[in-house]
Amino acid sequence: MGEEVEIKKDGGKEDPESKAKAIRYPRAVPFILGNEFCERFNFYGMRTILALYLVQKLNYSEDSATVIFHLFTTVYYFLCIFGAIVSDSYWGKFRTIITLSLVYIAGNLTVTAGAVPPWNLPGRTFTFLGLALISLGGGGIKPCVAPFGGDQFKLPEQAKQLAWFFSIYYFAINFGSFVSTIVTPILRDDVQCFGDQDCFALGFLVPALLMTVSFLVFWSGKSLYVMKPLEGNMMAKVSGAVWNAIKAKWNSKEKKDHWLDHSEAKYGKRLIDETKILLNVLVLFVPLPFFWALFDQQGSRWTFQATRMEGDIGFYYVKPDQAQLLNPLMILIFIPLYEVAFYPLLNLLGVKRPLQKLTLGMVFAAVAFMISFGLEWELMKTYPVLPKSNEGHVRLYNTMPCNYKVEGYGNETFDLNKLNLSPNMIAESNEKLTLKFSTTTSGCNSFSQQIVFNDLEARGYFLTGSPSNPSVVNFLDNPDKTKNGNPRLRLLSNVAKNHEVVIEGERRVEWKAQNTSNFDVPKGGYAIKVNGKEIDFMDFKIGGVYAILLLETNGNEFETELVTVSEPNSISILWIIPQYFVMTLGEVMFSVTGISFSFDEAPQSMKSVLNGCWQLTSAFGNIIIVIIAELPLFGEQVWEFLLFAVIMFIDSALFAWLAYRYKSIPHGEEETEELHEKKEIHENAGFVDSDDADSQETTKL
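Residues numbered from 1 in each chain as written. Predicted model: local features only at pLDDT ≥ 70, side-chain atom pairs only at ≥ 80, totals over all residues. Heavy atoms only, no water.

Novice: Give me the lowdown on the overall build of the chain, citing residues and values where you can.
Specialist: What the chain contains, in helices and strands, is 17 helices and 17 strands. Dimensions of the chain, computed from C-alpha atoms along their principal axes, come out at roughly 115 × 55 × 50 Å. In the chain, buried positions account for 56% of the 701 residues. The contacts in the chain between residues at least 6 apart in sequence include a share of 72% that link residues at least 24 apart. Accessible area of the chain: about 29800 Å², with a carbon and sulfur share of 57%. Computed over 61 positive and 75 negative side-chain charges, the separation of the two mean positions in the chain equals 5 Å. (Helix = DSSP H or I, 4+ residues; strand = E, 2+ residues; numbered from the N terminus. Buried < 20%, exposed > 50% of the residue type's maximum accessible area, 1.4 Å probe, protein only. Contact = heavy atoms within 4.5 Å. Areas by Shrake-Rupley, 256 points an atom, 1.4 Å probe, with all protein chains shown as cover. Lys, Arg positive; Asp, Glu negative; His and termini not counted. Charge placed at Lys NZ, Arg CZ, Asp CG, Glu CD.)

Novice: Break down the layout of surface pockets for me, citing the residues and quoting the values.
Specialist: Estimated volume of the largest pocket: approximately 1300 Å³. Looking at the largest pocket, it is lined by 33 residues, and the ones nearest its centre are Glu62, Leu386, Asp480, Gly635 and Glu636. The leading source of residues in the lining of the largest pocket is helix 16 (residues 637-661), at three residues. Of the pockets and cavities examined, the second largest pocket occupies roughly 710 Å³. Forming the boundary of the second largest pocket are 31 residues, of which Asp189, Asp198, Asn484, Asn486 and Asp520 lie nearest the centre. Put simply, the parts of the chain that give the lining of the second largest pocket at least two residues each are helix 2 (29-56), helix 5 (159-190) and strand 13 (519-520). (1 Å grid on protein atoms, 1.4 Å probe; cavity = no way out; pocket = protein on both sides within 12 Å on 5 of 7 lines; lining within 4 Å. Points joined across faces, edges and corners; volume = space filled by probe spheres on them.)

Novice: How would you explain empty space enclosed by the protein if you had to name every residue and give the values?
Specialist: Enumeration according to the criterion identifies five cavities of 30 Å³ or more in this entry. Looking at the largest cavity, it is lined by 28 residues, and the ones nearest its centre are Tyr44, Tyr77, Tyr170, Phe295 and Glu587. At the level of elements, helix 2, helix 4 (123-151), helix 5, helix 10 (289-295), helix 12 (326-348), helix 14 (577-601) and helix 15 (607-630) are the ones that each hand at least two residues to the lining of the largest cavity. Looking at the lining of the largest cavity element by element, the count peaks at six residues for helix 5. Here the residues of the lining of the largest cavity are counted per class, giving eleven nonpolar, twelve polar and five charged. (Nonpolar A, V, L, I, M, F, W, Y, C, P; charged D, E, K, R; others polar.)

Novice: Which residues make up the sheet that holds strand 15 (residues 533-540), and what values do they have?
Specialist: Within the open sheet, the four strands sit side by side as 12-11-14-15. Their pairing is antiparallel. If you trace the sheet from one side to the other, it starts and ends with strand 12 (508-511) and strand 15, each paired once. Averaged over all pairs of adjacent strands, the angle between their axes in this sheet comes to 20°, without regard to strand direction. With four bridges connecting them, strand 11 (residues 501-504) and strand 14 (residues 524-530) associate as antiparallel partners. Note that in strand 14 the partner of valine 501 across the bridge is valine 530. (Pairing = 2+ DSSP bridges. Axes fitted to C-alpha atoms, helices over the stretch in contact; angles between N-to-C directions.)

Novice: Got a sec to walk through the sheet that holds strand 2 (residues 404-409)? Specific residues and values, please.
Specialist: Read across the sheet, four strands follow the order 3-2-6-7 without closing on themselves; strand pairing throughout is antiparallel. Whereas interior strands pair on both sides, the edge strands pair on one side only; in this sheet they are strand 3 (412-416) and strand 7 (447-453). Strand-to-strand twist in this sheet, taken as the mean axis angle between neighbours without regard to direction, amounts to 25°. For strand 6 (residues 431-439) and strand 7, the ladder comprises seven bridges, and the chain directions are antiparallel. Bridged to lysine 436 within strand 7 is serine 448.

Novice: Describe in detail the state of the cysteines, supporting the description with residues and values.
Specialist: Counted under the stated rule, the structure contains two disulfides. The side chain of cysteine 402 participates in a disulfide bridge whose partner is cysteine 444; the two sulfur atoms lie 2.0 Å from each other. On the S-S bond that ties cysteine 402 to cysteine 444, the torsion sits near -80°, and the link is left-handed. Here cysteine 402, found in the loop between strand 1 (391-398) and strand 2, pairs with cysteine 444, found in the loop between strand 6 and strand 7; they are 42 residues apart in sequence, far enough to count as distant. Per residue, the accessibility class of cysteine 402 equals that of cysteine 444, and both read buried. Free of any disulfide, cysteine 38 has its nearest cysteine sulfur in cysteine 144, 18 Å distant. (Disulfide = S-S within 2.5 Å.)

Novice: Before we move on, could you go through the pairing of strand 8 (residues 458-466) and cite the residues and values that matter?
Specialist: Counting buried positions over the nine residues of strand 8 gives seven, a clear majority of the element. Looking at chain direction, strand 1 and strand 8 are connected through six bridges and run parallel. Note on strand 8: the bridge partner recorded for tyrosine 397 is phenylalanine 462. By the bridge criterion, eight bridges tie strand 8 to strand 9 (residues 469-476) in an arrangement that is antiparallel. Note that in strand 9 the partner of phenylalanine 462 across the bridge is valine 473. Linkage of strand 8 to strand 9, two consecutive antiparallel strands, is achieved through a turn of two residues.

Novice: Quick one: what's the story with unusual backbone geometry, residue by residue and with numbers?
Specialist: Despite not being glycine, asparagine 59 has its phi angle at roughly 65°, a positive value. Relative to the helices and strands, asparagine 59 resides in the loop between helix 2 and helix 3 (62-114).

Novice: Outline the environment of tyrosine 660, supporting the account with residue identities and numerical values.
Specialist: Considering the arrangement of structural elements, one finds tyrosine 660 in helix 16. Put simply, tyrosine 660 and glutamine 356 are 304 residues apart on the chain and 9.0 Å apart in space, counted from C-alpha to C-alpha.

Novice: Run through the side chain of glutamine 152, naming residues and quoting values.
Specialist: Following the sequence through the fold, glutamine 152 ends up in the loop between helix 4 and helix 5. The buried category is assigned to glutamine 152, whose relative accessible area is 1%. A polar contact of 2.8 Å, which involves the side chain of glutamine 152, links it to the backbone oxygen of phenylalanine 148. (Polar contact = N/O pair within 3.5 Å; in protein donor to acceptor, adjacent residues only side chain to side chain.)

Novice: Mind laying out the pattern of salt bridges, listing which residues take part and the relevant values?
Specialist: One pass over the full model with this rule turns up 24 salt bridges. Here aspartate 321 makes a salt bridge to arginine 188, at a shortest N to O gap of 2.8 Å. Of this pair, aspartate 321 sits in the loop between helix 11 (301-306) and helix 12 while arginine 188 sits in helix 5, and the two are 133 residues apart along the sequence. For aspartate 321, a relative accessible area of 0% puts it in the buried group. Take arginine 188: its relative accessible area is 4%, and that puts it in the buried class. Where salt bridges share partners, they join Arg188, Asp189, Asp190, Lys319 and Asp321 into one cluster. (Salt bridge = Lys/Arg side-chain N within 4 Å of Asp/Glu carboxyl O.)

Novice: Give me helix 14: which residues, what numbers.
Specialist: With 25 residues, helix 14 should cover 36 Å at 1.5 Å per step; its first-to-last C-alpha distance of 35 Å lies within 8% of that length. At glutamate 587, helix 14 is deflected by roughly 25°, the largest bend along its length. Of all 25 residues that make up helix 14, 22 are buried, and the element is covered over most of its length. (Expected span 1.5 Å × (residues − 1). Bend = angle between axes of the 7 residues up to and from the residue.)

Novice: Outline the packing of helix 7 (residues 234-251) against helix 9 (residues 269-285), listing residues and values.
Specialist: Following both chains from N to C, one finds helix 7 and helix 9 inclined at 90°, their axes separated by 10 Å at the closest point. Relative to helix 9, the element helix 7 is oriented roughly perpendicular. Two secondary-structure elements touch here, helix 7 through Met234, Lys237, Val238, Ala241 and Val242 and helix 9 through Leu271, Ile272, Glu274, Thr275, Leu278 and Leu279. Considering only residue class, the contact of helix 7 with helix 9 consists of eight nonpolar, one polar and two charged. (Parallel < 35°, antiparallel > 145°, perpendicular 65-115°, else oblique.)

That is the geometry; function is a separate question.
Next comes the structure, spelled out in structure tokens:
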């Protein structure tokens, strides 16, 4: 760290402001910020495409992918405690970061290897192994980097610089997240590799390379770092002190001012006092996981929500996973705005204590999910109707040059004209109906056909053959939208087998006789060609499910018709902005304030431990997501969003009550005049003003 210059003052006492200016800003900070930028690029870049990879390549359902995504996040943040213990007790922060970064890199490369198709590796196995290594490496270093950066400052002289460091640190986190959220979806979707229409392997590889750069940047600053001495296994000491106090209080009739004082004789006054501070703060942490339960769904539920929206905004097509870049982009804008505009405004409204800001951040999260509830309510109107339990669906596709009147579906009669699609017919499972197809078209014969409604199945009946001798092909239909948002197609053709039929555009698909399988293509315009000659040009939109009906008429002439089975996405992805806007307002209030509050409130020996506990709140938040996702509470996603919003409002009220009752415990060393300013910070850490708080200012975020 920089040199300290002596400042002489008449009268003896040094001016803290002048002394702070005399201490050089730590030259090690840029290396720490560079490391954090690259590491966050890696983490968020990989995580941005992870949910879609699980669904599109590893063939998990959206619910299963959500569970896996959040279980990974849970383990990642649980291992923050492991990192805190190792760094404080055995290796120190620097060695912990260096060693576990190598594990982190190995995990990224393992996930990447599993995503390379020619290697034919077991994708699911390599993904889970890679995610486990990423959890160990990334979770292990997570609680160390911010406190290690804080260690580079001399307190209390550099208290203001330290406060700004946390803002810049959070800026670096989100700048890395912002860049990677732009880049990795482009690598995933716009680059074609190994014969696929996308390239998840490259989307995982580039973040892995950035993690390697992160390691090298951090190592480069080694000679400049301030290394604080180890404090021993503080987690074990705290656990021992707490357990000993509980047993002593149970077995002893002696009254103490605090129940932890029963352990003072064995563990010493300093450890007991610091444990009181730790437990005092941890009580506040109890409601915090619910915030992360909402916030972390940006990478899962909100991303899946975006796949059902129209990404074309005129000058650019926004990919579903790119919607996540709204969060880091807004943070990059909001952090400076908060300092110069929003926080002063909140101060005028009486919101200036850290715990008040944390409460407001939680309320914003609840409001964001109320907005997502409203958006999902509107999106539901655009979703296809799918078979439910004890129910089957049937659609009729007509590629005959005949117009039919169909009878036999209850009391309903409907027209099924040439190159057209019938209404969706719904009946109970295993019900059999005999439909009568009557026609007055010249040269066409009437006929009857039995159809069967299978449980939870949508089936199609494809009318083909000659007008005088029609036949029906029965196949498993799929009216649902694709997992990646691409248009889903089915070509139903009544042409001779010797004709070459091709759908050609960004992707080329060859049709084979009697092939009724689904396939998806990138959105856009496609030519329909028969024997090399273009006979039609069709436009397929995101989220649409289409059937192309092709009929050969006399003299090698062809007719086509595009029928829409399920409507394409019609609600613009821009409508997802409000929920991201409100959630990001809440995140800045919640996360930046929480990191700074945890660092300030923690004794020097327990800064990594308390930071690890802060990260642990995210782990428990993701457990909440997994539990609710796995419980069969709702048939529709919209009600799950509403449930999360209601829980968050209740949770905010609980935290506000705890914050109102919270009394900060000053650290022992803060009783000196030299650290009087820091004591004022602790006295102002609560939810409401103290008796003389009107005359005090807090330097916390």
